[in-house]
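Structural overview for review
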Amino acid sequence: MSTDVRQFTVAADDDGIRLDRWFKRHLPDSSFNLVSRWARTGQLRVDGARATPGDRVLTGQVIRVPPADATIARTASERPTRKVSTLTEDEIEFAQSLVIYRDDAGLVINKPPGLATQGGTGTTEHVDKLLDALNYELKGRPKLVHRLDKDTSGALLIARTPKAAAHFATAFSSRTARKVYWAIVVGVPEVHDGMIELPIAKQPGSGGEKMHVDEKEGSPARTRYRVIERAGNAAAWVELQPYTGRTHQLRVHMAAIGHPIVGDGKYGGKASFLTGTVSRKMHLHARRIRVDHPVEGQIDVTAELPPHFAETIDDLGFDMELADVLVLDEVKFSQTAEGKRRAALNKAKSARKERKGERRSRGQERKGVR
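Remember, predicted model here, so these are calculated numbers, not experimental data.

**Focus: the overall build of the chain**
Check the secondary structure of the chain and you find 9 helices and 16 strands. Every one of the 370 residues in the chain was classed for burial, and the buried ones make up 47%. For the chain, the computed accessible surface area is about 19600 Å², with 48% contributed by carbon and sulfur atoms.

**Concerning unusual backbone geometry**
Positioned with a positive phi, Arg 175 is a non-glycine residue whose angle comes to about 70 degrees. Within the fold, Arg 175 resides in the loop between helix H5 (162–173) and strand S9 (178–186). Notably, His 248 is not glycine yet its phi reads approximately 60 degrees, a positive angle. With respect to the helices and strands, His 248 occurs in the loop between strand S14 (235–242) and helix H6 (249–256).

**A look at the sheet that holds strand S3 (residues 49–50)**
Read from one edge of the open sheet, 4 strands run S1-S4-S2-S3, paired in antiparallel fashion. With one partner strand each, in any of the chains shown, strand S1 (6–9) and S3 form the two edges of the open sheet. Alignment of S1 against strand S4 (residues 62–65), held across 4 bridges, turns out to be antiparallel. Bridging across to S4, Phe 8 finds its partner in Ile 63.

**A short note on the packing of aromatic side chains**
What the rule picks out here adds up to 5 aromatic pairs. Taking 5.7 Å as the distance between ring centres and 35 degrees as the angle between the ring planes, the aromatic pair formed by Trp 237 and Phe 318 counts as tilted. Of this pair, Trp 237 sits in strand S14 while Phe 318 is found in the loop between helix H8 (307–315) and helix H9 (337–369), placing the two residues 81 residues apart along the sequence. Grouping residues by exposure puts Trp 237 and Phe 318 together as buried.

**Here we look at the confidence of the model for the chain**
Residues at a pLDDT of 70 or more form 85% of the chain, whose mean pLDDT is 85. Here residues 70–84 scores under 50 on pLDDT; set against residues more than four positions off or in separate chains, the count is 32 contacts.

**Points about the pattern of salt bridges**
In the structure shown here, the tally under the stated rule is 14 salt bridges. The salt bridge involving Arg 251 is made with Asp 149; its shortest N-O contact spans 3.0 Å. Note that Arg 251 is positioned in helix H6 and Asp 149 in the loop between strand S7 (143–144) and strand S8 (153–159), a separation of 102 residues in sequence. For Arg 251, a relative accessible area of 8% puts it in the buried group. What makes Asp 149 partly exposed here is its relative accessible area of 25%. For the salt bridge of Arg 251 with Asp 264, the shortest nitrogen-to-oxygen distance reads 2.8 Å.

**A word on H6**
Across the 8 residues of H6, 6 count as buried, placing the element largely inside the fold. Taken together, the buried positions of H6 are Gln 249, Leu 250, Arg 251, Val 252, His 253 and Met 254. Once H6 ends, the next one or two residues include Gly 258, with phi positive near 85 degrees.

**As for the pairing of strand S5 (residues 99–102)**
Two elements, S5 and strand S6 (residues 106–111), share 3 bridges in a ladder whose sense is antiparallel. Counted as the bridge partner of Arg 102 is Leu 107 from S6. Here S5 hands over to S6 after 3 residues, the two strands then running antiparallel side by side.

**Notes on the pairing of strand S15 (residues 284–292)**
Most of S15 sits inside the fold, with 7 of its 9 residues counted as buried. Taken together, the 2 bridges between S8 and S15 define a ladder with parallel strand orientation. When the bridges of S15 are listed, Ser 153 appears paired with His 285. Relative to S15, S9 is paired through 6 bridges, and the arrangement is antiparallel. Its bridge partner lying in S15, Trp 182 is registered against His 285. Direction of pairing for S15 relative to strand S16 (residues 298–302): antiparallel, over a ladder of 5 bridges. Counted as the bridge partner of Arg 290 is Asp 300 from S16. Where S15 folds back on S16, the antiparallel hairpin that results is connected by 5 residues, among which Gly 297 adopts a positive phi of roughly 75 degrees.

**As for the environment of Thr 152**
Along the chain, Thr 152 falls in the loop between S7 and S8. For Thr 152, a relative accessible area of 2% puts it in the buried group. Along the primary structure Thr 152 and Ala 116 are separated by 36 residues, whereas in three dimensions their C-alpha atoms are 9.0 Å apart. Residue contacts for Thr 152: discarding those within four places in its chain leaves Lys 111, Pro 112, Tyr 181, Met 282, Leu 284 and Ala 286.

**Points about the environment of Ala 133**
Residue position: Ala 133 is located in the loop between helix H4 (127–130) and S7. Judged by relative accessible area, Ala 133 falls into the buried class, the value being 3%. Separated by 42 residues in sequence, Ala 133 and Glu 91 have C-alpha atoms that sit 7.9 Å apart.

Reading the values: rules and limits
Residues numbered from 1 in each chain as written. Predicted model: local features only at pLDDT ≥ 70, side-chain atom pairs only at ≥ 80, totals over all residues. Heavy atoms only, no water. Helix = DSSP H or I, 4+ residues; strand = E, 2+ residues; numbered from the N terminus. Buried < 20%, exposed > 50% of the residue type's maximum accessible area, 1.4 Å probe, protein only. Areas by Shrake-Rupley, 256 points an atom, 1.4 Å probe, with all protein chains shown as cover. Pairing = 2+ DSSP bridges. Phe/Tyr/Trp six-rings, centres within 6.5 Å; stacked < 30°, edge-to-face > 60°. pLDDT = per-residue confidence, 0-100. Contact = heavy atoms within 4.5 Å. Salt bridge = Lys/Arg side-chain N within 4 Å of Asp/Glu carboxyl O.

As structure tokens, then:
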């Protein structure tokens with residue numbers, strides 16, 4: 001049982017969720033009643049202020065959680081102290097074989113398709129479990145700062161220190177981080193270089209497991225796509241850049257414009273599978289990730305294709321020399337949602353100071369008259 005107060009930084013993937021949902025996702029052993037008791041007694045705090053289970057948390061905020069209760073057998077605060085020995089030698093070797101970039105702040109792995117990013121009901125094999133094998137020379141346990149769907153392969157950034165985790169989380173929430181995906185889609189979009197702007201929401205009745213386009217209730221979502229090459233009218237190789245980070249965004253958007261990702265039966269149904277020798281696995285790959293480094297410069301990494309995707313490229317006769325050609329847009333922090341929010345807060349703060357100064361001046365003038 002832990003006797004220390006625990007602190008957790010809200011990651012980009014948890015931006016805007018309710019606090020009770022955050023506990024369900026990250027500290028499932030902390031029951032709703034326990035969390036409510038912590039809130040009632042003032043022990044549960046967000047950025048130092050008292051919080052309730054219904055409050056929504058934002059990226060970068062710090063959640064203060066009381067010491068683990070005696071009735072809790074295992075909590076997330078204990079997970080970071082697990083020893084690498086809890087993994088088998090094969091698991092350690094496998095995890096380290098996925099690393100394609102590493103420095104003092106972070107590392108990037110090339111996640112294979114079929115491996116979940118985090119655990120859940122019925123999911124025992126996932127990247128989060130393997131993080132114990134990626135400590136290397138540092139004592140702290142690496143931290144996930146974003147996710148990839150289970151069947152999506154490619155570049156996944158992992159922070160190696162709490163400071164780096166906060167930095168990367170801010171980069172993802174403010175949209176200064178850039179990700180490029182490759183996909184094979186059914187058919188060929190008429191517009192070869194376009195922007196999809198369709199709001200996305202959870203599909204009712206799906207238990208939150210499926211998203212859909214919802215013009216009224218959906219959250220804004222933007223995806224840039226570019227056709228790299230086409231295989232007649234049957235399929236196209238496209239490059240995708242998400243400008244927002246909604247769940248299943250790329251999959252929903254491509255299906256919505258009539259060109260589902262090959263192998264994505266969830267959103268494309270039977271129409272998402274090509275005939276012949278093309279694999280039935282999903283053809284969505286996080287090819288590149290670029291993010292500002294916490295100290296200086298940038299982390300800019302590309303991930304090689306998984307075997308089934310590379311085979312499809314060959315089967316459809318696509319030319320790999322045509323890839324990696326779309327220039328990533330440079331995004332200024334001041335132009336992002338977070339940058340605009342901070343600018344508005346600073347402007348309001350300055351206005352309050354000016355009003356306060358004016359009141360002080362008037363008060364001094366009145367005293368002088370007397």
